[in-house]
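The lines below spell out each chain.
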Amino acid sequence: MYISHLDLLRTFQRVFLRQGIVLRHSQGFHPHPILSFALPLSVGQESVCELLDLETVEDLDCAALPGRLAPSLPEGIRALECRAPARPIRDLAELLCRVELVYDGGVPAGGAEEVGKLLTGETLVVQKRTKRKAMADIDIRPMLHSLEVEEESGLLRLTVRVAAQNPGLNPALLAAAIAAHRPELTPDFTRVRRLEVLDGAGGVFW
C-alpha cells in the first residue's frame with residue numbers, strides 16, 4: 001500500500017458515498033463516520049486480509065456489499081467479503097505475514113541459516129520509536145511467535161506469525177534487526193505482506 005491509513009479511510013468514505021450507502025456517525029460537536037480498520041497497515045506494505053469495521057444507518061444485504069462497492073473502488077483495492085461481527089477486536093491475537101528480503105547481488109552464503117539463528121535467539125533488540133516519539137531499545141523476540149525461512153534466487157522468504165497488539169510487532173522490524181545485528185546480511189529491499197489475521201488459538205479471526 002502506498003497511501004496512508006487516513007487516506008485509505010477517506011477513500012472508503014467516498015466509495016460508500018458514491019454508492020448511496022449512508023454511514024452512521026458519532027455524536028457530539030464533530031461527528032465522524034463510524035468506519036475504522038482493526039489494525040492500520042504501514043505504508044509500503046501489502047495485505048489481503050484487512051478488517052474494516054463500519055456501521056450503516058440502514059440494514060444492508062451483507063453478502064452483496066462487496067459487489068456493490070467494486071465499481072467505485074480504485075485499482076488495487078478490493079472488498080472480499082462482508083460479515084456481521086461475531087467477536088470483539090481484542091480477540092485478534094496474531095498476524096500471519098510474509099517478509100521477503102531481497103538481495104540484488106544474491107543471498108549471502110549461509111544467509112538463510114544465519115538469519116534463522118538470529119531471529120530465533122533468546123533476545124532480539126531493535127531501536128523503536130515510542131509513543132512519546134523518543135527512540136528506545138525494545139526486545140521484539142517475545143512478539144515473534146513462529147518463523148520459517150526459505151531461500152530462492154536473490155531473496156529470503158520469511159513466513160512469520162507475530163503478535164498483533166498489546167504490543168504488536170511490525171514485521172518490517174525483522175529486517176531492521178538483521179541490519180542492526182548482522183549488517184553483512186542486510187537486504188537491499190524488504191517486502192511485507194499480511195496473509196491472515198488470527199485469534200489466540202491460531203485460527204482465522206473471523
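Residues numbered from 1 in each chain as written. Predicted model: local features only at pLDDT ≥ 70, side-chain atom pairs only at ≥ 80, totals over all residues. Heavy atoms only, no water.

Within the chain, the secondary structure is distributed over four helices and nine strands. Listing every helix and strand of the chain by position from the N terminus yields α-β-β-β-α-β-α-β-β-β-β-α-β. With the C-alpha coordinates aligned to their principal axes, the bounding extent of the chain is approximately 60 × 35 × 30 Å. Taken over 206 residues, the chain has a buried fraction of 33%. Restricting the contact set of the chain to residue pairs at least 6 apart, pairs at least 24 apart contribute 67%. (Helix = DSSP H or I, 4+ residues; strand = E, 2+ residues; numbered from the N terminus. Buried < 20%, exposed > 50% of the residue type's maximum accessible area, 1.4 Å probe, protein only. Contact = heavy atoms within 4.5 Å.)

This model, assessed by the stated rule, comprises one aromatic pair. With centroids separated by 5.9 Å and ring planes inclined at 70°, the aromatic side chains of Phe-12 and Phe-37 adopt a geometry described as edge-to-face. In this pair, Phe-12 sits in helix H1 (residues 5-18) while Phe-37 sits in strand S1 (residues 35-37), placing the two residues 25 residues apart along the sequence. Note that Arg-87 overlies the ring of Phe-205, its terminal NZ or CZ placed 5.2 Å from the centroid. (Phe/Tyr/Trp six-rings, centres within 6.5 Å; stacked < 30°, edge-to-face > 60°. Lys NZ or Arg CZ within 6 Å of the ring centre and 35° of its normal.)

Our next topic: the pairing of strand S7 (residues 144-152). If a strand is regular, its side chains alternate between the two faces of the sheet. Of the pairings in the sheet, the one linking S7 to strand S8 (residues 155-163) comprises eight bridges and is antiparallel in character. If you follow Glu-150 over to S8, its bridge partner there is Arg-157. (Pairing = 2+ DSSP bridges.)

Relative to each other, helix H3 (residues 111-119) and helix H4 (residues 172-181) sit at 100°, their axes nearing to 11 Å. Here H3 lies roughly perpendicular to H4, going by the angle between them. Residue-level contacts link Val-115, Leu-118 and Leu-119 of H3 to Leu-174, Ala-177, Ile-178 and His-181 of H4. Broken down by class, the residue content of the contact of H3 with H4 amounts to six nonpolar, one polar and no charged. (Axes fitted to C-alpha atoms, helices over the stretch in contact; angles between N-to-C directions. Parallel < 35°, antiparallel > 145°, perpendicular 65-115°, else oblique. Nonpolar A, V, L, I, M, F, W, Y, C, P; charged D, E, K, R; others polar.)

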